[in-house]
Amino acid sequence: MIQFKALLIKELREAFRDKRALMVALSMGLLAPIMIMVISKTMIKEIVDNPPIYVQFTGAEFAPKLIEKFAVNNILQFANVPEDEKYAWQERNIEVDIPKDFAEKMLAGKAIDVVLRADFGKKASSSPIRRVKEVVREYSLAIGYKRLLVRGVDINLLQPIVLQEQDTALPTSNAVMVSMFLGIYLLMGAFVSGLSIAIDSSAGERERNVLEMLLCQPVSTLKIVLAKMTCASAISVLSIVIMLVLTTVSVGFIDLTKIGATFSLNAFSIAALLLLLIPLCFFATALQLFFSFQAKSFKEAQSTVSMLIMLPAMVPFAIMMIDDKPEWVNWLPISGQSMLMEDVFKGLPVDWAVLASTTAITVAMTVALVLALAHKLKSEKVVMSLS
Amino acid sequence: MNIKWQSLLALSLLSFSSLLLADNNDTQKNNKEILTLENCHLKGIKSQVQCGTLQVPENYSLPDGETITVNFAVLPAIDSSQNKTPLMFLAGGPGQASVELAAHIFSTFAEIKKSHDIILVDQRGTGKSHPLACDENEVSNAYEIIPEDFSPQEIKDCIAQFTGDLSQYNSENAIRDFDAVRVALGHDKINIYGGSYGTRAALVYMRLFPNALKSVVLDSVGPIEVPIGTFGQSSARSFNLLLDNCQQDESCNTAYPSLKDDFKAVITRLEQAPVNIKIAHPRLGTKTDFVLSRSKFISNLRMQLYSMQTRPLVPLVIHQAFLGNYQPMVGLIAMSEGGMGMYVGLTLNVVCNEDFPKITTEMFAGDADNTFGGNDSHSAWLQACPLWPKYAVSEDFYQSVTANIPTLILSGNLDPVTPPSNGDESAKTLPNNHHIVSKNSAHIVASTPCGIEIVNEFIETLDPKNLDESCLAELKSETFMTHLNGNL
């Protein structure tokens, strides 16, 4: 135990010596909450706010009520565009043509062709186009309803079937947008934060010939591996805790209620998340240590291990795409945690059996990796990087 | 036969909005325990809300006697982390069931629901709280019947169907139920919003349980001092304002230069004899009779005066009727054919006992002296109330309310049933209030986003005198429909 403690202190000292590397390790925890806040704010703005749209109207004078309706919905004439936005709206060039027989056809009850001309493929135009279409549709529908009403027709006839949607999600569910990002960032955090330290303490130490010295000491290789893993994992755990705490704080600055959502994590959810993620942090560093000891050089270790961090980014996406998931997906590391996190975010009760089995499998794989690595370190091949 | 209920309905009241119909579909459960609360779906609301029931004594002076089940729902706040005081919504009528209005409130009160739970309780006698409804299994032909054919026998048949002690279905007991729900849900205090008759209920709440209320919103007030039932003067005032607005609007004035005369001519014609024509049934498409009497014409027009969405149709309907085209009127009747979700049994039980006795012959005569419907709004009460079982109302009930609770009073200037003068009446005696009159609103000011914004600001600040009312000035008056094919 004393030996392990000494080894761990040594590893931690080394990790904390390089302040810049440490900052990089923790940056994930610091940046993710800011990213979540910024992305959510932009998305909410796009969904809820109706910023002014400037449209080139021709024949506006033929349909004053329609133009008024546009104006109420913040769709304005191009002539009113402020100087600084002029270029952008000129580029989008959304045109609406109102025919001069608008009034005549309206009173005659004939269909009126209003033209909407724009580059429909341009992303910047898609929201304005949608809004213009929506206003015209609503305006047209309202007139249609009234026309029927004043002809003595029951306007409810226009709605033979009314689809009543019933959402079974709990009212306490957290905002999907935030929880999706946070879920991915947490997995990434578990994998990325300990990365540089894991590489440095394995392939790095070998290049600096520290490893050789260490292995010459009368300590078991298992203890050496455990100390290295604990050190790197501690940094990832720290990063995740920072991320969780900062996210709960930063989300408070977003008015999610605008999109009918909310986000809050109580102590229980945070505890459940940590319970899920801590084993994963250990698994991640064990995996990284294993591969960087395999590598012939520091540089090779870096590139091999970098490939590993694709896992946490890819797995959740893959799971999202598969609608009918086979049951074993629940139990695997990363995918299991990812799905359990989703339940925690939705406020659903935690499925302890699944949590226990995922954790058990994760821990078992970690133990296997550690033992294999400890065994490997006994051979001089590793030290000489001859694997 | 229940046919006349529909037409009687058309003659009433202080409904929350004349455009609402709703029927909830959550499950009714047996009630062993006192309070139940569970997640449920209500019609027209996608997300889950909470539904509950509470057992209360039918007669509060006999706590061990008969019990009834009070049905309620909670629309949970989106962000409940701030633990803000909930808002209880008191529905109109009397006779509307709050829970049946859930979908409407869910969308219009969205701003408030962001951080406040909204509590909806079916007033006893409505919805699923021991409803006083008459058998309505046979849908009547709203096109053939006229209010003038109303027969007292139908009232008697209806009364015979009720179970329970009718004298207990009064305003005060309704408030005792509401407060019991508040206590059962574990709230020390609540905010209340009353619309229309809901304001009367709110005033009773203020008198009975002043300590349970943090703030009160009275929207389109039915004060204790003004009996419900005489809408002649107020609807004439609302109608005349509509005529003025039409005259001031260039396109409306051009389309209908002599609207007032058109109206008078139609009334004179209908007074001589009801119009009787064949029409295609608005919903079925089959041939059917359509009978239009003076009272039917007036009462349907009056219903359109309640809402800023339907007021724009009024000039066209009058002018077309003048020209002999009654289809627009048929369309309006079709719109409300399904009823308005009013539990008329409760309506009459409350009004006939609490208000009708307070209306003197002189008051009826004065109210009938107007240029719109004359005494038309009185006939329902005059015919039904003498037949209705009586209960005694305590003198306390008629005392002006003086509770010192922050109170926001809202009135729509164009309102046909609760004119701004009603709001002034309540403002006189309430110590901490502010009365806002919205120029271009009709019945229920909080039916606009602007109105809700003001209510929301009020329940946040509890300072009725310093609210930002500026958005009310931006509300536009009616955009009248000037042609059978729409506006230009």
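An unreviewed UniProt entry lists chain B under the name Proline iminopeptidase, from Colwellia hornerae. The heading Subcellular location (unreviewed entry) in the UniProt record of chain B holds the text "Cytoplasm". Note on chain B: under the UniProt heading Catalytic activity (unreviewed entry), the record states "Release of N-terminal proline from a peptide."

Under the annotation held in an unreviewed UniProt entry, chain A carries the name ABC transporter permease and is attributed to Colwellia hornerae. In UniProt, chain A has this text filed under Subcellular location (unreviewed entry): "Membrane".

## Focus: the overall build of chain A
For chain A, the count of helices and strands is 16 helices and 4 strands. Relative to the 2.2 N^0.38 estimate, which gives 21 Å for 387 residues, the radius of gyration of chain A is 30 Å and therefore markedly larger than a compact globule would have. Referenced to the eigenvectors of the C-alpha coordinate spread, the extents of chain A come out at roughly 100 × 45 × 35 Å. Relative to all contacts within chain A whose residues are 6 or more apart in sequence, the contacts with residues 24 or more apart total 77%. Entry remark: accessible area of chain A is about 20200 Å², with carbon and sulfur atoms responsible for 65%. For chain A, the separation between the mean place of its 37 positive charges and that of its 35 negative charges on side chains is 5 Å.

## Here's the deal with the packing of helix 7 (residues 232–248) of chain B against helix 11 (residues 314–322) of chain B
All names here are of chain B. Relative orientation of the contacting elements helix 7 and helix 11 amounts to 90 degrees, with a least axis distance of 10 Å. Judged by the inter-axis angle, helix 7 sits roughly perpendicular to helix 11. Contacts between helix 7 and helix 11 pair Phe-239, Leu-242 and Cys-246 from the former with Val-314, Pro-315 and Ile-318 from the latter. Here the residues of the contact of helix 7 with helix 11 are counted per class, giving 6 nonpolar, no polar and no charged.

## Quick look at the pairing of strand 1 (residues 53–58) of chain A
All names here are of chain A. One ladder, built from 3 bridges, connects strand 1 with strand 2 (residues 75–77); its direction is parallel. Residue pairing in the sheet places Tyr-54 in a bridge with Leu-76 of strand 2. Traced from strand 1 through helix 3 (residues 64–72) to strand 2, the parallel crossover comes out right-handed. Relative to strand 3 (residues 95–97), strand 1 runs parallel, the two being bridged by 3 bridges. Across the sheet, Gln-56 pairs through a bridge with Glu-95, a residue of strand 3.

## Brief notes about the nonpolar core
As a rule of thumb, nonpolar side chains are buried together in soluble globular proteins. Ranked by size, the top nonpolar core spans 81 residues in total, and within it A:Leu182, A:Leu186 and A:Leu256 carry the most contacts. With residues near it in sequence (within four places) discarded, A:Leu186 still touches A:Ile240, A:Met243, A:Leu244, A:Leu277, A:Met341 and A:Phe345.

## What about the UniProt feature "transmembrane region" (unreviewed entry) in chain A?
Residue and element names in this part refer to chain A. Under the local residue numbering, the UniProt record ascribes the feature "transmembrane region" (unreviewed entry) to residues 21–40, 175–199, 231–254, 266–291, 303–322 and 352–374. Counting secondary structure, residues 21–40 comes out at 100% helix and 0% strand; the distance between its end C-alpha atoms is 29 Å. The distance from the first to the last C-alpha atom of residues 303–322 is 29 Å, and the span holds 90% helix and 0% strand.

## Some thoughts on the pattern of salt bridges
One pass over the full model with this rule turns up 25 salt bridges over all chains. For A:Glu134, the salt bridge is made with A:Arg137, and the minimal N-O distance between the two is 3.9 Å. Of this pair, A:Glu134 and A:Arg137 both sit in helix 6 (residues 123–149), 3 residues apart, which is roughly one turn of the helix. A relative accessible area of 37% places A:Glu134 in the partly exposed class. Among the salt bridges present, the one from B:Glu172 reaches B:Arg207, with a minimum N-O distance of 2.7 Å. Taken together, the residues span a long stretch of sequence, with B:Glu172 in helix 5 (residues 171–184) and B:Arg207 in helix 6 (residues 197–208) at a distance of 35 residues.

## Some words on the UniProt feature "domain: Peptidase S33 tripeptidyl aminopeptidase-like C-terminal" (unreviewed entry) in chain B
Using the residue numbers shown here, the UniProt feature "domain: Peptidase S33 tripeptidyl aminopeptidase-like C-terminal" (unreviewed entry) corresponds to residues 382–471 of chain B. Between the end C-alpha atoms of residues 382–471 of chain B the distance is 42 Å, and the span holds 31% helix and 13% strand.

## With respect to the packing of helix 5 of chain B against helix 6 of chain B
Residues and elements named next belong to chain B. Across the interface, helix 5 lies against helix 6 with an axial gap of 9 Å and an inter-helix angle of 70 degrees. Looking at the two axes, helix 5 sits roughly perpendicular to helix 6. Taken together, the residues of helix 6 that come into contact with helix 5 (itself represented by Ser-171, Glu-172, Ile-175, Arg-176, Phe-178, Asp-179 and Arg-182) are Tyr-197, Ala-201, Val-204, Tyr-205, Arg-207 and Leu-208. By residue class, the composition of the contact of helix 5 with helix 6 is 7 nonpolar, 1 polar and 5 charged.

## Some thoughts on the sheet that holds strand 7 (residues 213–219) of chain B
Residue and element names in this part refer to chain B. Across the sheet, 9 strands lie side by side as 1-2-3-5-4-6-7-10-11; this open sheet has mixed pairing. Edge positions in the sheet fall to strand 1 (35–40) and strand 11 (433–438), since each has one partner strand and no second. Within the sheet, the average angular offset between the axes of one strand and its neighbour, ignoring direction, is 20 degrees. Bridge count for strand 3 (residues 67–75) against strand 5 (residues 118–121) is 4 bridges, and the pairing is antiparallel. The residue bridging Ala-73 from the neighbouring strand is Leu-120, located in strand 5.

## Some details on unusual backbone geometry
A cis amide bond, omega 0 degrees, links B:Gly93 with the succeeding residue B:Pro94. Relative to the helices and strands, B:Pro94 resides in the loop between strand 4 (87–90) and helix 2 (102–108). The residue A:Asn74 is not glycine, and still its phi comes out positive at about 65 degrees. Examined against the element boundaries, A:Asn74 turns out to sit in the loop between helix 3 and strand 2. Positive phi outside glycine occurs at A:Asn93, with the angle close to 45 degrees. Turning to its location among the elements, A:Asn93 is positioned in the loop between helix 4 (83–92) and strand 3.

## What to know about the state of the cysteines
Each disulfide is one covalent bond, formed between the sulfur atoms of two cysteines. Overall, the coordinates contain 4 disulfides over all chains when judged by the stated rule. Bridging B:Cys246 to B:Cys252, the disulfide has an S-S length of 2.0 Å. Of note, the bridge from B:Cys246 to B:Cys252 carries an S-S torsion of about -90 degrees and is left-handed in sense. A single burial state applies to B:Cys246 and to B:Cys252, both of which are buried. For the unlinked cysteine A:Cys231, the closest cysteine sulfur is that of A:Cys281, found at 13 Å. A residue is classified by how much of its surface remains accessible, and A:Cys231, at 1% relative accessible area, is buried.

## Thoughts on the domain arrangement of chain A
When cut into domains, chain A gives domain 1 (2–43 + 173–383) and domain 2 (50–158). Distance from the C-alpha centre of domain 1 of chain A to the C-alpha centre of domain 2 of chain A: 52 Å.

Cut-offs applied
- Residues numbered from 1 in each chain as written.
- Chains lettered and ligands numbered in written order.
- Predicted model: local features only at pLDDT ≥ 70, side-chain atom pairs only at ≥ 80, totals over all residues.
- Heavy atoms only, no water.
- UniProt positions renumbered as here; feature names shortened; annotations may be inferred.
- Helix = DSSP H or I, 4+ residues; strand = E, 2+ residues; numbered from the N terminus.
- Rg over C-alpha atoms; globule rule 2.2 N^0.38 Å.
- Contact = heavy atoms within 4.5 Å.
- Areas by Shrake-Rupley, 256 points an atom, 1.4 Å probe, with all protein chains shown as cover.
- Lys, Arg positive; Asp, Glu negative; His and termini not counted.
- Charge placed at Lys NZ, Arg CZ, Asp CG, Glu CD.
- Axes fitted to C-alpha atoms, helices over the stretch in contact; angles between N-to-C directions.
- Parallel < 35°, antiparallel > 145°, perpendicular 65-115°, else oblique.
- Nonpolar A, V, L, I, M, F, W, Y, C, P; charged D, E, K, R; others polar.
- Pairing = 2+ DSSP bridges.
- Right-handed = clockwise from strand over helix to strand, strands pointing away.
- Core = buried A, V, L, I, M, F, W, Y, C linked by side-chain atoms within 4.5 Å.
- Buried < 20%, exposed > 50% of the residue type's maximum accessible area, 1.4 Å probe, protein only.
- Salt bridge = Lys/Arg side-chain N within 4 Å of Asp/Glu carboxyl O.
- Disulfide = S-S within 2.5 Å.
- Domains from an automatic or database assignment.

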